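# Remarks on the overall topology
Listed below, chain by chain, are the residues.
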Amino acid sequence: MTAAAGFGRTARLLLLGPLFYLPRAPWLGLLLLFLVALLTLLTQIGGVVLWLWLAVSDVLRRAAPGRLIGRRLAAVALFFPFYLGVSLLLVPPVAGAFGRVPLACWSDRGSDYGPLTRATCLTNRNYAAPTARAALDATAARLAVMAPVRRLVYLDAGFPFHAWFPMLPHLSHGDGRKIDVALLFVDPGSRRPLPGRARSPIGYGGYVPPAPDAPLPCAGIRSWRRWDFDWLQPLLPNLDLDVVALRGLLAALVASPRVARVFIEPHIGARLGMRHDKIRFQGCGAARHDDHIHIEFR
Ligand SMILES: [Zn+2]
């Protein structure tokens, strides 16, 4: 291939992305289109990164020696470091220019809080407005004083760019002022605090069973937005709520002038004996909040 033809091919790949492959290899084109859509939904920037990588890897593939199959496998394997480089090095400063900052992940291990799973950071779901991050920082510091050994862990916060971009399956995490945090648990036998643990590996979907006499306003009400995952519950470990530490966490949250409200399931609020204007029930037409606490910052 001449240099001019190679340049033209790279330009078409940059412009068309997966569509470039549709007439040549329809199944590959469709697979790449699906991956672009999936990565965009999961990580916001992953689809764009894959689109760019198709052009970059094509240039590298033509320049590299060796058999075609080996060069194709190398192109697939090298996508991951390319994505990580963009996600970890390029996105944070650019997002900062648009008013989003990453929550503590791995670089600042001295922080009083962290993600439940590093997958949250790898998928860029750990961004928030600077004021929300400052309020979370302060809340985590207060929890560390009130309830030593425990640790505040967050689940989904927001994406790095654009308030209108949906972060599925959440309905309201677009503006950088919403952060979900995990409930706090103790070991049912030893009563030992379990910092950084939740019933499910991602925090969501492992619900705390209500007490027999607990208020259940959604009993018998079906909504496609309120998932129960009944089949999953027996597969998850049984952990007891850390009632004392959770009271401290909620007290710190409602005392913060930057916290507008928190969503928690009524049976959890009743068990903690906590009542406050800022502690609300999200209603039966939204996700359950007996696996996590949803915090809205001003
Ligand atoms: Zn939430």
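Predicted model only: the values in this text are computed from it and were never measured. The numbers attached to residues start from 1 for each chain and follow its sequence in the written order. Per-residue local features are limited, in this predicted model, to residues with pLDDT of at least 70; the limit for side-chain atom pairs, both in listing and counting, is 80 or more; totals at the level of whole chains, interfaces and linings are taken over all residues. Side-chain metrics in this entry use all non-hydrogen atoms of the structure; hydrogen atoms and water are not considered.

## Thoughts on the domain arrangement of the protein
For clarity, the threshold we go by: The start and end points of each domain follow an automatic or database-based domain assignment. Here, two residues are considered to be in contact whenever any of their heavy atoms come within 4.5 Å of each other. Buried area, as used here, totals the accessible surface that two parts lose on assembly, with accessibility defined by a 1.4 Å probe and the loss added over both. For this analysis, a polar contact is any N or O atom pair within 3.5 Å, provided that within protein one partner can donate a hydrogen and the other can accept it, and provided that sequence-adjacent residues contribute only side-chain to side-chain pairs. Numbering of helices and strands runs from the N terminus, with a helix taken as a DSSP run of H or I at least four residues long and a strand as a DSSP run of E at least two residues long.
According to the domain assignment, the protein consists of domain 1 (3–97) and domain 2 (101–297). Here the C-alpha centroids of domain 1 and domain 2 sit 35 Å apart. Taken residue by residue, the interface counts 14 residues in domain 1 and 13 residues in domain 2. Interface area, domain 1 with domain 2, both sides summed: about 1,200 Å², of which 62% is carbon and sulfur. Looking at the side of domain 1 facing domain 2, the largest losses of area belong to L41, Q44 and A95, adding up to 41% of the total buried there. Taken together, the connections running from domain 1 to domain 2 amount to six residue pairs in polar contact (both at pLDDT 80 or more). When residues of the side of domain 1 that touches domain 2 are traced back to their parent elements, those giving at least two are α2 (26–43) and α4 (68–97). Counting residues per element, the side of domain 1 that touches domain 2 draws most heavily on α4, at eight residues.

## Some thoughts on the packing of α2 against helix α3 (residues 46–63)
What counts, and what does not: Fitting a line to C-alpha atoms yields each axis, with helices limited to the stretch in contact; the angle taken between N-to-C directions then spans 0 to 180 degrees. Ten residue types, Ala, Val, Leu, Ile, Met, Phe, Trp, Tyr, Cys and Pro, are classed as nonpolar, four, Asp, Glu, Lys and Arg, as charged, and the remainder, Gly among them, as polar.
For the pair α2 and α3, the least separation of the axes is 6 Å and the interaxial angle reads 140°. Two secondary-structure elements touch here, α2 through L32, L35, V36, L39, T40 and T43 and α3 through G46, G47, L50, W51 and L54. Grouping the constituent residues of the contact of α2 with α3 by class yields seven nonpolar, four polar and no charged.

## What about the state of the cysteines?
Stated precisely, the cut-off is as follows: Cysteine sulfur atoms that pair up within 2.5 Å are treated as a disulfide. Per-residue accessibility, obtained with a 1.4 Å probe over protein chains only, is compared with the maximum for each type, and a residue is labelled buried under 20%, exposed over 50%, and partly exposed between these values.
Summed over all chains, the structure comprises one disulfide. A sulfur-sulfur separation of 1.5 Å characterises the disulfide bridge that pairs C105 with C121. Of this pair, C105 sits in the loop between β1 (101–102) and β2 (113–115) while C121 sits in helix α5 (residues 119–122), and the two are 16 residues apart along the sequence. Across the pair, C121 and C105 agree in class, each one buried.

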